[in-house]
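Survey of secondary and tertiary structure
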Amino acid sequence: MPKTRLAVIALLGVGFVWGAAFVLMKDAIEQQPYMDFLATRFSIAALAMIVLRPRLSLSMKPGDLKFGSLIGIVLAFGFITQTVGLSLTTAATSGFLTGLYVVFTPIIAWVFTRKRFPARVIVGILLAVAGLAVFSGAATNIEFQLGQIWLVICAVFFAIHILLLGKFGHGRNSYRIAMIQISFAAVVCWGFALVDGYQPPPNWEVWFAVLFTALLSTVIAFWVQTWAQTLIDPARVALLITSEVIFTAILAVGLGQEPLTTAMVIGGSVMLTAMLIVEWPTKTEPVIPLEPKLHE
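Reference entry: report on the structure contained in this document. Keep in mind it's a predicted model, so treat the numbers as computed, not measured.

What follows concerns the packing of helix H12 (residues 243-254) against helix H13 (residues 262-279). Across the interface, H12 lies against H13 with an axial gap of 11 Å and an inter-helix angle of 160 degrees. What the angle tells us is that H12 and H13 run roughly antiparallel. Note on packing geometry: the crossing formed by H12 with H13 is left-handed. For the pair H12 and H13, contact is made by Val245, Ile246, Ala249 and Val253 and by Met264, Leu272 and Met275, respectively. Per-class residue counts for the contact of H12 with H13 are 7 nonpolar, no polar and no charged.

Right under this line is the structure:
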């Protein structure tokens with residue numbers, strides 16, 4: 001099998017793993033406080049990265065710790081708000097709304113650079129707002145609505161994370177910077193987890209979710225993205241990874257975690273279309289090298 005085809009399959013596998021992560025976490029954080037879950041997850045992920053490549057992980061270069069910690073703190077709040085939103089809504093809703101970071105990234109970049117939007121970004125923004133309106137209009141209670149707000153905030157944090165990574169991570173070793181980010185995300189989560197006393201995973205079901213998200217969703221997914229970007233256009237890597245929102249909805253409905261609703265189909269389809277429009281590579285715009293995502 002050609003390496004490029006294998007890379008495509010592997011990236012779709014990453015999308016599937018991230019989709020499954022939402023579904024597994026939804027059940028797990030009903031049994032373990034979400035801060036404790038995140039602290040455990042990121043501690044294991046950081047340790048795994050160090051064990052896998054100790055010399056590379058720990059041989060810091062000037063600025064690595066400074067910028068990696070800053071980016072990691074933003075990443076932590078992205079995950080925290082995402083998990084709060086997941087605890088209040090559904091896995092499918094969380095997947096779709098988290099994916100809006102694709103749309104928020106150029107908006108936030110515009111605030112600071114004042115560069116003009118390409119027409120397709122404007123179309124993507126309008127579609128994303130329309131899709132979000134469908135989801136919000138179908139909210140059945142105030143808790144669900146609050147959950148959606150948390151997830152929109154999460155998408156903003158992830159957009160800021162991408163921009164900071166592009167600005168301060170450029171030219172640095174991506175593996176080391178990822179390890180530092182995950183480590184500081186763990187530190188932030190432990191700070192919140194210890195406030196009311198840490199509770200470990202209560203059973204093997206939760207431990208499975210912890211290990212799945214720590215090792216597959218974080219460490220292995222990062223490695224696959226890094227490898228795939230040596231074979232495939234970075235913009236197309238981003239497109240393939242967007243499959244996570246589809247897998248999240250399919251798994252959540254297929255496993256009976258939530259019903260298939262009109263709002264999910266229409267609103268989700270519109271938001272997915274918005275993401276694809278914004279990410280779709282064009283001949284007139286330069287391809288921007290992307291750092292592997294750590295967002296699920």
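Let us keep going from here.
What follows concerns helix H8 (residues 142-168). Compared with an ideal rise of 1.5 Å per residue, which puts 27 residues at 39 Å, H8 spans 39 Å between its outermost C-alpha atoms and is within 8% of the ideal. All buried positions along H8 are accounted for by Phe144, Gly147, Gln148, Leu151, Val152, Cys154, Ala155, Phe158, Ala159, His161, Leu164 and Leu165.

Glancing now at a nonpolar patch on the surface. A grouping of Ile142, Leu146, Ile149, Trp150 and Ile153 is seen on the molecular surface, where their side chains present a nonpolar patch of about 460 Å² in accessible area. With respect to the helices, strands and loops of the structure, Ile142 is situated in helix H8.

Another point: the packing of aromatic side chains. Per the counting criterion, the structure on display carries 10 aromatic pairs. Relative to Phe158, the ring of Phe79 lies with its centre 5.5 Å away and its plane at 75 degrees, an arrangement referred to as edge-to-face. Pair noted here: Phe79 is in helix H4 (residues 64-88) and Phe158 is in helix H8, with a separation of 79 residues, a long-range link. According to the relative accessible area criterion, Phe79 is buried, its value standing at 0%. Under the relative-accessibility criterion, Phe158 is labelled buried at 0%. One aromatic cluster in this structure is built from Phe42, Phe79 and Phe158. Sitting above the plane of the Tyr175 ring, Arg53 keeps its charged end 5.1 Å from the centroid.

What counts as what
The residue numbers shown here count from 1 along each chain, following its written sequence. Under the rules for a predicted model, residues below a pLDDT of 70 receive no local features and side-chain atom pairs below 80 are neither given nor counted, while totals for whole chains, interfaces and linings still include all residues. Hydrogen atoms and water are omitted, and side-chain values are computed over all heavy atoms in the structure. Axis geometry follows a simple rule: fit a line to the C-alpha atoms, using only the stretch in contact for helices, then measure angles between N-to-C directions, giving values from 0 to 180 degrees. In this text, helices come from DSSP runs of H or I with a minimum length of four residues, and strands from runs of E with a minimum of two, each type numbered from the N-terminal end. Note that the term roughly parallel is reserved for angles under 35 degrees, roughly antiparallel for angles over 145, roughly perpendicular for angles of 65 to 115, and oblique for everything else. Should the near helix be turned counterclockwise from the far one by less than a right angle, the crossing is left-handed, whereas a clockwise turn marks it as right-handed. Note on contacts: a residue pair is in contact if any heavy atoms of the two residues lie within 4.5 Å. Polar here means any residue other than Ala, Val, Leu, Ile, Met, Phe, Trp, Tyr, Cys and Pro, which are nonpolar, and Asp, Glu, Lys and Arg, which are charged; Gly is therefore polar. A helix's residues, less one, multiplied by 1.5 Å, set its expected span. Partly exposed describes any residue whose relative accessible area lies between the buried limit of under 20% and the exposed limit of over 50%, with all areas from a 1.4 Å probe on protein chains only and scaled to the type maximum. Patch membership requires over 30% relative accessible area and the absence of a salt bridge. Like charges are linked within 9 Å, and nonpolar side chains (Val, Leu, Ile, Met, Phe, Trp, Tyr) within 5 Å. Accessible areas in this description were obtained via Shrake-Rupley with a 1.4 Å probe; residue shielding takes into account the shown protein chains only. Salt bridges, as used here, are contacts in which a Lys or Arg side-chain nitrogen is within 4 Å of a carboxyl oxygen on Asp or Glu. Ring geometry is summarised as follows: Phe, Tyr and Trp rings, the Trp one being its six-membered ring, pair when their centres sit within 6.5 Å, and such pairs are stacked at plane angles under 30 degrees, edge-to-face over 60 and tilted between the two. Put simply, a charge is over a ring when the Lys NZ or the Arg CZ is close to the ring centre, within 6 Å, and near the line of the ring normal, within 35 degrees.

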